[in-house]
Amino acid sequence: MTDFWNSVILKSGDYHGRPVPAHLKLKGVTEADFDIWLALFRETASELFAPEIAVVFIERAERTATSLKLAMFFRLDRAAPAGGQ
């Protein structure tokens, strides 16, 4: 996690993992879990950092969560409107 966040925030290049496959292995995870995790992340970032720094972490976490949720839960068959249009 440290390498991930160093790479995301500081552009250190320390993280060489693949977050999507790692999260796909977590079979019990739901979309709602991301809301819980993000709420905890926002709270923690706000407690640890000055507001202008916390917002950077929070925005990156929200973008990462959106990407992971799309990779884990989005399915074209569910996104297509009824009637195939």
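Below you will find a few notes about this structure.

Examining helix α1 (residues 2-10)
It helps to recall that an α-helix has 3.6 residues per turn; residues three or four apart then point in one direction.
Part 1 of the reasoning: Listing the buried residues of α1 in full gives F4, W5, S7 and V8. Buried residues of α1, seen end-on, are gathered within an arc of 160° and therefore sit on one face of the element. α1 presents T2 and L10 as exposed residues on the side facing more than 90 degrees away from its buried surface.
Part 2 of the reasoning: Of the surrounding secondary structure, the elements contacted by the buried residues of α1 are α2 (19-24), α3 (31-48) and α4 (51-73).
Part 3 of the reasoning: The first or second residue beyond α1 is K11, which carries a positive phi of 55°.

As for α3
Part 1 of the reasoning: Here α3 is 18 residues long and its end C-alpha atoms lie 26 Å apart, about the 26 Å a rise of 1.5 Å per residue gives.
Part 2 of the reasoning: Burial in α3 covers these residues: F34, L38 and A45. Taken end-on, α3 shows its buried residues confined to a sector of 35°, consistent with a single buried face.
Part 3 of the reasoning: For α3, the elements touching its buried residues are α4.

Digging into the packing of α3 against α4
Part 1 of the reasoning: Where α3 meets α4, the closest approach of the two axes is 10 Å, and the angle between their N-to-C directions is 170°. Relative to α4, the element α3 lies roughly antiparallel. Here α3 contributes E31, F34, D35, L38, F41, R42, A45 and S46 to the contact with α4, which in turn contributes A54, F57, I58, A61, E62, A65, L68, K69, M72 and F73.
Part 2 of the reasoning: Classifying every residue of the contact of α3 with α4 by side-chain character gives 12 nonpolar, one polar and five charged.

Considerations on the side chain of S7
Part 1 of the reasoning: Secondary-structure assignment places S7 in helix α1.
Part 2 of the reasoning: Look at S7 and you get buried, because its relative accessible area is 16%.
Part 3 of the reasoning: For S7, the residues in contact, after removing those within four places along its chain, are S12, G13, D14 and Y15.

So, how was this worked out
- Residues numbered from 1 in each chain as written.
- Predicted model: local features only at pLDDT ≥ 70, side-chain atom pairs only at ≥ 80, totals over all residues.
- Heavy atoms only, no water.
- Buried < 20%, exposed > 50% of the residue type's maximum accessible area, 1.4 Å probe, protein only.
- Helix = DSSP H or I, 4+ residues; strand = E, 2+ residues; numbered from the N terminus.
- Arc of directions from axis to C-beta.
- Contact = heavy atoms within 4.5 Å.
- Expected span 1.5 Å × (residues − 1).
- Axes fitted to C-alpha atoms, helices over the stretch in contact; angles between N-to-C directions.
- Parallel < 35°, antiparallel > 145°, perpendicular 65-115°, else oblique.
- Nonpolar A, V, L, I, M, F, W, Y, C, P; charged D, E, K, R; others polar.

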